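What follows is each chain in one-letter form.
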Amino acid sequence: MNMKVPVRVGTEHPLVVGVDGSEPSLRAVGWAADEAALRGMRLRLVYACLWDRYEGAALARDFGVPSARVLPQDVVEAAAERARDRQPGLEVSCEVVFEEPEYALVHEGRQAAALVVGSRGRSGLAELLLGSVSLTVAANAGCPVIVLRNNHRDRATPPDGGHVVLGVGEDANDSAAVRFAFDEARHRGAVLEAVRAWRCPTHETSGHVSPADDLAVPHEEHAEKVLAQALRNTPPDIELRRRTVEGHARRVLVDASRDADLLVVGARRHEGHFGLQLGRIAHAALHHSMCPVAVVPQQA
């Protein structure tokens, strides 16, 4: 039996940003400031580390001192200043936590509307596609986690409102991801594009890709049925576009992210299960999306 995970919106919970002084985290602060202002939320900046000196170049340049002389409190205060410069009047708080970043941020997520993290921190490790802290937080937090890819636009919303893409899974009926996407589209004044991928096994073995094939019709009709069921409670004030696409969901969603401002995907959370809880589709989206990705947990 599926359990609903509430989508936390409003002013009672802050939007939390993980900062570490790196360029990706500083870009995340600016993006999150826009998002918090858009939603009327408080912004909370958290710097989690296991040392009492900052060892990075980005904020050290701002202070004009060697990085070893910058204290963690300096890092969060400078990030808070950036947020206030970006959105004057925004309520901003900050805290330093001497703990492993992934554990501290997952803990912060218990009282957050959402968590925002950059794709990589300042470790200097290429880590292939996504930083370990970002991946761990996205896979374990109990609230939505928005991961900002290095290629994301600087602002949360473009002047024209843009559009949000929602990946609709098999069990998306009244899911937290669907409700989160509705909320994001409404606050942004954006078009919501709901995408459901489908596959026909005979096409994959024969190389035949015509959607008019009789063998493909049931698969496409099922995708349309799943899409309609997931979106049956769409608020009337949201401009909605529905699309079914033949192909692997991972590829379909990455392609859809190219012109999007936010990609929303769900992730199953199994009670008592340890380790990464993402699923292949969310995992691929985090690694390859062309826009920020919101991973929204749903209890299994």
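That block above? That's the structure.
Residues numbered from 1 in each chain as written. Predicted model: local features only at pLDDT ≥ 70, side-chain atom pairs only at ≥ 80, totals over all residues. Heavy atoms only, no water.

Engineer: Give a description of the overall build of the chain that names residues and reports values.
Structural biologist: Looking only at helices and strands, one finds 10 helices and 10 strands in the chain. For the chain, with 300 residues in total, the buried portion stands at 51%. Expressed as a percentage of contacts within the chain between residues at least 6 apart in sequence, the contacts between residues at least 24 apart total 78%. With the model as given, the accessible surface of the chain reaches about 13900 Å², and the carbon-plus-sulfur share is 52%. (Helix = DSSP H or I, 4+ residues; strand = E, 2+ residues; numbered from the N terminus. Buried < 20%, exposed > 50% of the residue type's maximum accessible area, 1.4 Å probe, protein only. Contact = heavy atoms within 4.5 Å. Areas by Shrake-Rupley, 256 points an atom, 1.4 Å probe, with all protein chains shown as cover.)

Engineer: Hey, could you go over the nonpolar core for me, with residue numbers and the actual values?
Structural biologist: One recurring pattern in soluble globular proteins: nonpolar side chains tend to sit buried together. Ranked by internal contacts, the top residues of the largest apolar core, which has 51 residues, are Val17, Leu43, Val116, Leu166 and Val264. Leaving out residues up to four positions away in the same chain, Leu43 has contacts with Leu15, Val17, Ala32, Ala33, Ala36, Ala83, Leu90, Glu91, Val92 and Ser93. Counting 36 residues, the second largest nonpolar core, distinct from the first, contains Val46, Val137, Ala282 and Cys291. (Core = buried A, V, L, I, M, F, W, Y, C linked by side-chain atoms within 4.5 Å.)

Engineer: I'd like to hear about the environment of Ala32, residue by residue, with values.
Structural biologist: By the secondary structure assignment, Ala32 is in helix α1 (residues 23-39). Accessibility expressed as a relative area gives 0% for Ala32, which makes it buried. Distance from Ala32 to Val17, taken between C-alpha atoms, is 7.0 Å for residues 15 residues apart in sequence. Residues contacting Ala32, with those up to four places away along its chain left out, are Leu15, Val17, Leu43 and Val116.

Engineer: Summarise the packing of α1 against helix α6 (residues 176-188); cite the residues concerned and give the values.
Structural biologist: The contact between α1 and α6 brings their axes to 9 Å, and the two run at 85°. It follows that α1 is roughly perpendicular to α6 by the angle criterion. On α6, the residues touching Trp31, Glu35, Leu38 and Arg39 of α1 are Phe180, Asp183, Glu184, His187 and Arg188. Of the residues contributing to the contact of α1 with α6, the split by class is three nonpolar, one polar and five charged. (Axes fitted to C-alpha atoms, helices over the stretch in contact; angles between N-to-C directions. Parallel < 35°, antiparallel > 145°, perpendicular 65-115°, else oblique. Nonpolar A, V, L, I, M, F, W, Y, C, P; charged D, E, K, R; others polar.)

Engineer: Which residues make up the side chain of Arg196, and what values go with them?
Structural biologist: Inspection of the secondary structure puts Arg196 in strand β7 (residues 191-198). When near neighbours in sequence (up to four residues on either side) are disregarded, Arg196 contacts Val168, Gly169, Glu170, Ala223, Val226, Leu227, Arg243, Thr244 and Val245.

Engineer: If you had to explain the pairing of strand β2 (residues 43-49) to someone new, which residues and values would you point to?
Structural biologist: Among the seven residues that make up β2, seven are buried, leaving the element largely enclosed by the rest of the structure. Where strand β1 (residues 15-18) lies against β2, four bridges are found, and the strand directions are parallel. Looking across to β2, one finds that Leu15 is bridged to Leu43. One crossover worth recording links β1 to the parallel β2 by way of α1, and it is right-handed. Where β2 and strand β3 (residues 92-98) come together, seven bridges link them in parallel fashion. Along β3, the bridge assignment pairs Ala48 with Val97. (Pairing = 2+ DSSP bridges. Right-handed = clockwise from strand over helix to strand, strands pointing away.)

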